[in-house]
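# Coordinate inspection notes
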Amino acid sequence: MEINNPSLFDAAAPESAADLALALAPWAGTGHFDELRGAPSKRPAATPKLPAGAPLPPLQNLLPGPLGIAGQTQSQTQSIEPTSTATPESQAELAPAWHAFFTQLGTNGFFDLNHRNANLQRLIRDNGVTYNVYADADGPQRPWALDLFPMLLSPQDWASIEAGVAQRARLLDRIMADVYGAQELPRLGLLPAALVQGHPGYLRPMHGSQPAGGKFLHIAAFDLARGPDGNWWAVSQRTQAPSGLGYLLENRLSISMQFPEAFREMNVQRLAASYRALVDGMKAACPLQGVSSGEPRIVLLTPGPYNETYFEHAYLARYLGLTLVEGSDLMVRGDRLFLKTLQGLGPVHGILKRLDDEFLDPLELRSDSSLGVPGLLQVIRAGNVLVANSPGSAFLESPALLGFLPALSEHLLGEKLAMPSLATWWCGEQAALQSVLPQLKDCVIKPTYPASGLPTVIGQTLSRAKLDEWAGRIMRHGEDYTVQAYLPLSQTPTWQGEKIAPRSAMLRVFAVSDGPNSWQVLPGGLARLAGKNENIASMQHGGSSADVWALGAAPTPAPFSTPGSTVTAPSTSTASRSATALPPLRQKRAVTSRAAEHLFWLGRYTERAENSVRLAQLTLHSLSGDDQSSQPLLAWLSAMAVNNALVVATVPPATQAKRVFERSLIANLADMSQAASVGYSLHALKNAASAVRERLSQEQWKTIVRAEAEFFARCKKISRAAEKGTYGATYSTQEALRALDGASAFLAAMTGAQTDRMMRDDGWRLLSIGRHIERLNTLASALMLGFETGATQDDSGFAAIVALFDSTITFHAQYQQRRDIVALLDLLVLDRDNPRSIAWVAQTLRARLAKLEGTDLGQMAVLAMNLPDPGSWTLADLYGANDSNSDSTAPQTHERLQRQLERCAVSALELSELISRRYFSHAASGSHSLGA
């Protein structure tokens, strides 16, 4: 039912927002639990029947206690009472949580839902929230899919989930400790040795090692589903590098902005404390070797920008205050792990790992891995670094393990599982295999080892012939397959354009360690939504996500002081202990060599893009303005355009064919094959920024993304119009200038953010150095060409050179209408107050290099020795007569000035090479060698 249906708002229409939501929303699909109404669907699914002679009772009777160990009978399974209170089917009422949500929204709020959804999608695009899909035809990145409505969990539901998840996290940690330690579980028959040691994720090099801090797991993710009866079931778990913590936080921030009143009034539990608990727990467990002062250094290890969840790696690193590193940023020396920084090697005490175990160490695991750190496993075995989670946990992710957890929980914890698992059979055991084969039609067939590449198949989607084929495969290779009961996922309301539509949902909940044998469950989670008429909730299969609001009980009033009451101050001893426990207030942020290189090139590409945009604007204005007849100006513009790759060298210069030259310049603005075109520079700028995204503000990243997107969109429009003959079978100069003006505005915003909104550490200094290297080379080359082409002697050329230096206003204010070389050199070469003068750029470069090297005041940095010293320049020397042995009557060629300008341009490029060799040579790069 659509919201624009006028019948909903007539006299007989629902009066309250809750009634309106009820009228708009259809029931959940057949056999699904309806989250909106808090009840099973009005059309329950038919009870599946077993084939005649099947040895097991119906599947729904098995759901509370999955058969795991061969020989376990139904009488041995645990009985779990329903945790939800579903309303009778005859009552079409909203669940209390949803009633409160729509009451806060209000009837008028329904008219605003499309607007809020548009704001949400714009926010996701602007924030650059992406989920990479390797096989996506639209490219490696696409915007994160997030629904407008959150998924709501009542306090009763959340209490049940929290208890069940915390218990399972403790259980998994104990299982892993046994598997890599005493191995009592296999000996007692509680866990088949073949299931563990036959798993590719079981790491024999880690057997017998004790992790730093004594804990194997620090993060665990659990995929949960609500069945048709309203109960929550555990479907799977993730322990290697569970994804979702970053997206979960972004979802919360985005959705709470769309419904601020509901979020405030419904007592939604907050997330920040759990993230703090994770970091604090890791810090407390880190080995303290090499920690002379301050806190242990913890890094977040990522596979790199091409990983499907790289966005959240950078997001988490920034939010948690961790250094984002790739394998090439780390190295092992003497059983210790070190970070390669600009200041040298710094010890690493903890790793938050977002890399699958098999890629961690090419010496002992996959030899073809370039993502890991050679020797890392030896450092872990020596207890010199904490890794969350400890390598070797992949076997815990096997769906087959679910069937054994009830007995393992009773043995290891002395407790029955608080939350049941779906009925699960590992077909590597003959009894389980024979029991489940007759039920394949009503089950899901999964690979025992998720990394094996075998597909997951829903039995209900298979024909009888296909079922027989699968039965044959399972009989031949039973250990490779696990069969799980099919569960129709509960359906939560989503906003689909003009209507509320139910979508199947899978809930991912995270538990984080906050101390020895202590776990904290992050309140809420990440809901993954299936597509229309589907029961598979997967982002890789085109699904979407939803924020999850775990509602707390009604808050109790805070105590207040009566007029006669007193507040006891802390004792002096307590205050002194608190003061002495404070960490040092100033801690320098580590700058890895890889991050430093990307920041360096971010600076160079920003400056290069600015220079190219300004030159293209100047050229197009000159070619269609009053100065288009000036041959020296046209010669200078042509030479500059070729030097800066705005046009190819084979294009006739503007002195010969102005319109051909102009069309070629416009056509090449977004040409990605031109290594210094405006489009190429903007794209390279964004790539460099994406690699250090954790160091950039959201506003700065939005500006970078929009600059590239809008420039390419405008240029594409120009090209299409030219192909259709909209502009008379040519390119529109005005449209091109509008595209350049837009890029110029974005670049000015980027420059402001880089100058005024970034921490001025060594990373920023390299960014600034990169900009000034590019500026020195460009401006010195431009002035040289101005003298070579005679543009400095031409009024139009003179004005154009001043404009390229972005100094027109200052020149007119200081020199009015003078057009002599002395004034030009004074402002564009010697003026130490003009940030576009060559002397200012050279002076600033020398100062930045000295600060980077940490040289004493007044001493010259080693890297700056080849840079010209603007302090020794004088106007008389630069403007002076030709060499003494030249003809005094010859035209003034300013040879000394030319040599000084050439030295500036050459030394800038040499400096780039020196910096690369000194600071980046041990970083895996090579992708930014262009133009250096």
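Cut-offs used in this document
Along each chain, numbering runs from 1 in the same order as the chain's sequence is written. Only residues with pLDDT of at least 70 get local features here, since the model is predicted, and only at 80 or more are side-chain atom pairs given and counted; chain-wide, interface and lining totals rely on the full set of residues. Excluding hydrogens and water, the side-chain figures rest on all heavy atoms present in the structure. Helix and strand assignments come from DSSP, with helices taken as H or I runs of at least 4 residues and strands as E runs of at least 2, each series counted from the N terminus. A simple rule labels every residue: compare its accessible area, found with a 1.4 Å probe on the protein chains alone, to the largest value its type can have, and call it buried under 20%, exposed over 50%, or partly exposed in between. It only takes one pair of heavy atoms within 4.5 Å for two residues to be counted as in contact. Here, Shrake-Rupley sampling with a 1.4 Å probe gives the accessible areas, and only protein chains in the shown set may cover a residue. Patch rule: a residue counts if its relative accessible area is over 30% and it has no salt bridge; like charges are joined within 9 Å, and nonpolar side chains (Val, Leu, Ile, Met, Phe, Trp, Tyr) within 5 Å. Any Lys or Arg side-chain nitrogen found within 4 Å of a carboxyl oxygen on Asp or Glu counts as a salt bridge. What qualifies as a polar contact is a pair of N or O atoms within 3.5 Å, subject to a donor-acceptor requirement within protein and to the restriction that residues adjacent in sequence count only when both atoms come from side chains. One bridge is not enough; two strands pair if DSSP finds at least two bridges between them. Note on geometry: axes are C-alpha line fits, over the in-contact stretch for helices, and angles between N-to-C directions span 0 to 180 degrees. Between the first and last residue of a helix there are one fewer steps than residues, each counted as 1.5 Å, and that sum is the expected span. Throughout this description, the term nonpolar core refers to a set of buried Ala, Val, Leu, Ile, Met, Phe, Trp, Tyr and Cys residues connected via side-chain atoms within 4.5 Å. Should the near helix be turned counterclockwise from the far one by less than a right angle, the crossing is left-handed, whereas a clockwise turn marks it as right-handed. Polarity classes work like this: nonpolar for Ala, Val, Leu, Ile, Met, Phe, Trp, Tyr, Cys and Pro, charged for Asp, Glu, Lys and Arg, and polar for all others, with Gly in that last group. The quantity known as pLDDT measures the predictor's confidence residue by residue, on a range of 0 to 100. Any pair of Phe, Tyr and Trp rings, taking the six-membered ring for Trp, is counted once the centres come within 6.5 Å. Such a pair is stacked with planes under 30 degrees apart, edge-to-face with planes over 60 apart, and tilted for the rest. Here, over-ring charges are defined by two tests on the NZ atom of lysine or the CZ atom of arginine: distance to the ring centre within 6 Å, and angle to the ring normal within 35 degrees.

## With respect to the overall build of the protein chain
From N to C terminus, the protein chain includes 29 helices and 21 strands. Sorting the 932 residues of the protein chain into buried and exposed places 55% on the buried side. For the protein chain, restricting intrachain contacts to residue pairs at least 6 apart in sequence, the fraction spanning at least 24 positions comes to 71%. Of the roughly 38,700 Å² that the protein chain leaves accessible, carbon and sulfur atoms contribute 52%.

## Considerations on a nonpolar patch on the surface
A surface patch of nonpolar side chains, amounting to about 300 Å² of accessible area, comprises Met860, Val862 and Met865. Mapped onto the elements of the fold, methionine 860 is located in the loop between α27 (838-853) and α28 (875-879).

## Section: helix α24 (residues 795-804)
In terms of residue burial, α24 counts as a mostly covered element, since seven of its ten residues are buried. Those residues of α24 that are buried are in contact with α17 (593-623), α18 (631-643), α23 (762-789), α25 (808-815) and α26 (821-830). For α24, the N-terminal cap is aspartate 794; the gap from its side-chain oxygen to the backbone nitrogen of serine 796 is 3.0 Å. Just downstream of α24 lies aspartate 806, where phi reads positive at about 55 degrees.

## Overview of the environment of aspartate 820
Here aspartate 820 is to be found in the loop between α25 and α26. Polar contacts involving the side chain of aspartate 820 include one to the main-chain amide nitrogen of valine 822, which spans 3.3 Å.

## A closer look at the sheet that holds strand β10 (residues 344-347)
Reading across the sheet, the three strands line up as β8-β9-β10 and stay open at both edges, with antiparallel pairing between neighbours. Of all strands in the sheet, those with a lone pairing partner are β8 (330-333) and β10, marking the two edges. Strand-to-strand twist in this sheet, taken as the mean axis angle between neighbours without regard to direction, amounts to 45 degrees. Two strands pair when backbone bridges link them, and strand β9 (residues 336-341) and β10 are joined in this way by four bridges, in the antiparallel orientation. Paired with phenylalanine 338 across the bridge in β10 is proline 347.

## A closer look at the environment of serine 916
Residue placement: serine 916 occurs in helix α29 (residues 895-920). Between the C-alpha atom of serine 916 and that of phenylalanine 600, which follows or precedes it by 316 residues, the distance is 9.5 Å.

## Concerning the sheet that holds strand β11 (residues 350-353)
The sheet built from four strands is open, its strands ordered β7-β6-β11-β12 with parallel pairing. Both edges of this open sheet fall to β7 (323-325) and β12 (386-388), since each of them pairs with a single strand only. When strand polarity is set aside, the average angle formed by the axes of neighbouring strands in this sheet is 25 degrees. Pairing geometry for strand β6 (residues 298-301) and β11, over four bridges, is parallel. By the bridge assignment, leucine 300 is partnered in β11 with leucine 352. On the sheet, helix α11 (residues 310-320) packs against β6, β7 and β11 and is oriented at approximately 150 degrees with respect to β7.

## Here's the deal with helix α21 (residues 698-724)
Between its terminal C-alpha atoms α21 stretches 39 Å, which fits the 39 Å expected from 27 residues at 1.5 Å a residue. Turning to α21, its buried residues number three or more, namely Gln698, Gln700, Trp701, Thr703, Ile704, Ala707, Glu708, Phe711, Cys715, Ile718, Ala721 and Ala722. On the buried face of α21, the contacting elements are α4 (113-127), α8 (245-258), α11, α19 (658-667), α20 (678-691) and α22 (733-756).

## Looking at the environment of valine 548
Tracing the backbone through its elements, the reader meets valine 548 in strand β21 (residues 544-550). With 23 residues separating them along the chain, valine 548 and glycine 525 place their C-alpha atoms 5.4 Å apart.

## With respect to the pairing of β8
Of the pairings in the sheet, the one linking β8 to β9 comprises four bridges and is antiparallel in character. If you follow methionine 331 over to β9, its bridge partner there is phenylalanine 338. Taking the residues that link successive antiparallel strands as the turn, the β8-β9 hairpin has two residues, and the phi of glycine 334 there is positive, at about 55 degrees.

## A closer look at the pattern of salt bridges
For the structure on display, the rule yields 36 salt bridges. For glutamate 35, the salt bridge is made with arginine 226, and the minimal N-O distance between the two is 2.8 Å. With glutamate 35 in the loop between β1 (33-34) and β2 (39-40) and arginine 226 in strand β4 (residues 219-226), this pair connects stretches of sequence that are 191 residues apart. We classify glutamate 35 as buried; its relative accessible area is 5%.

## Looking at the side chain of glutamine 491
Secondary-structure assignment places glutamine 491 in strand β17 (residues 491-496). A residue is classified by how much of its surface remains accessible, and glutamine 491, at 10% relative accessible area, is buried. A distance of 2.7 Å separates a polar atom in the side chain of glutamine 491 from the backbone nitrogen of glycine 29. Separated by 3.3 Å, the side chains of glutamine 491 and serine 504 make a polar contact.

## Remarks on unusual backbone geometry
Cis geometry is adopted by the peptide bond preceding asparagine 389, which originates at alanine 388 and carries an omega value of 0 degrees. Inspection of the secondary structure assignment puts asparagine 389 in the loop between β12 and α13 (405-412). Phi is positive for asparagine 517, close to 55 degrees, though the residue is something other than glycine.

## Section: the nonpolar core
The biggest cluster of nonpolar side chains holds 105 residues, and the ones touching the most others in it are Trp636, Ile838 and Ile915. Here this core gets 14 residues from one element, more than from any other, and that element is α17. Filtering out sequence-adjacent residues up to four positions away, isoleucine 838 remains in contact with Leu776, Leu779, Ala780, Leu783, Phe805, Leu828, Val829, Trp873, Leu901 and Cys904. Within the second largest apolar cluster, 71 residues are counted, among which are Ile175, Leu191, Leu195 and Met419.

## Some points on the packing of α4 against α8
At a minimum axis distance of 10 Å, the contact between α4 and α8 shows a crossing angle of 145 degrees. Crossing of α4 over α8 shows right-handed handedness. Seen from α4, the contacting residues are Arg116, Asn119, Leu120, Leu123 and Asn127; seen from α8, they are Glu250, Ser254, Ile255, Met257 and Gln258. For the contact of α4 with α8, the per-class residue count stands at four nonpolar, four polar and two charged.

## Concerning the confidence of the model for the protein chain
Across the protein chain, the average pLDDT comes to 83, with 83% of residues at or above 70. The secondary structure element of the protein chain with the lowest average pLDDT is helix α2 (residues 59-62), at 31, and the one with the highest is strand β3 (residues 151-153), at 97. The low-confidence segment residues 922-932, where pLDDT is below 50, has 26 contacts with residues more than four positions distant or belonging to other chains.

## Regarding the packing of aromatic side chains
If you walk through the whole model with that rule in mind, you get 24 aromatic pairs. For the pair tryptophan 98 and phenylalanine 101, a centre-to-centre distance of 5.4 Å together with 75 degrees between the ring planes defines the contact as edge-to-face. Here tryptophan 98 pairs with phenylalanine 101, and both are found in helix α3 (residues 96-105), just three residues apart, close to one helical turn. Among the residues examined, phenylalanine 101 registers a relative accessible area of 0% and is labelled buried. Aromatic pair phenylalanine 600 and phenylalanine 920: ring centres 5.7 Å apart, planes at 55 degrees, arrangement tilted. Placement of the pair is phenylalanine 600 in helix α17 and phenylalanine 920 in helix α29, with a sequence separation of 320 residues. Here phenylalanine 600 matches phenylalanine 920 in class, with each residue buried. An aromatic cluster of three or more residues is present, and its members are Trp98, Phe101, Phe102, Phe149, Phe259, Phe263, Trp495 and Trp549. Sitting above the plane of the tryptophan 27 ring, arginine 37 keeps its charged end 4.5 Å from the centroid. When the ring centre of tryptophan 470 is taken as reference, the NZ or CZ atom of arginine 473 above it lies at 4.5 Å.

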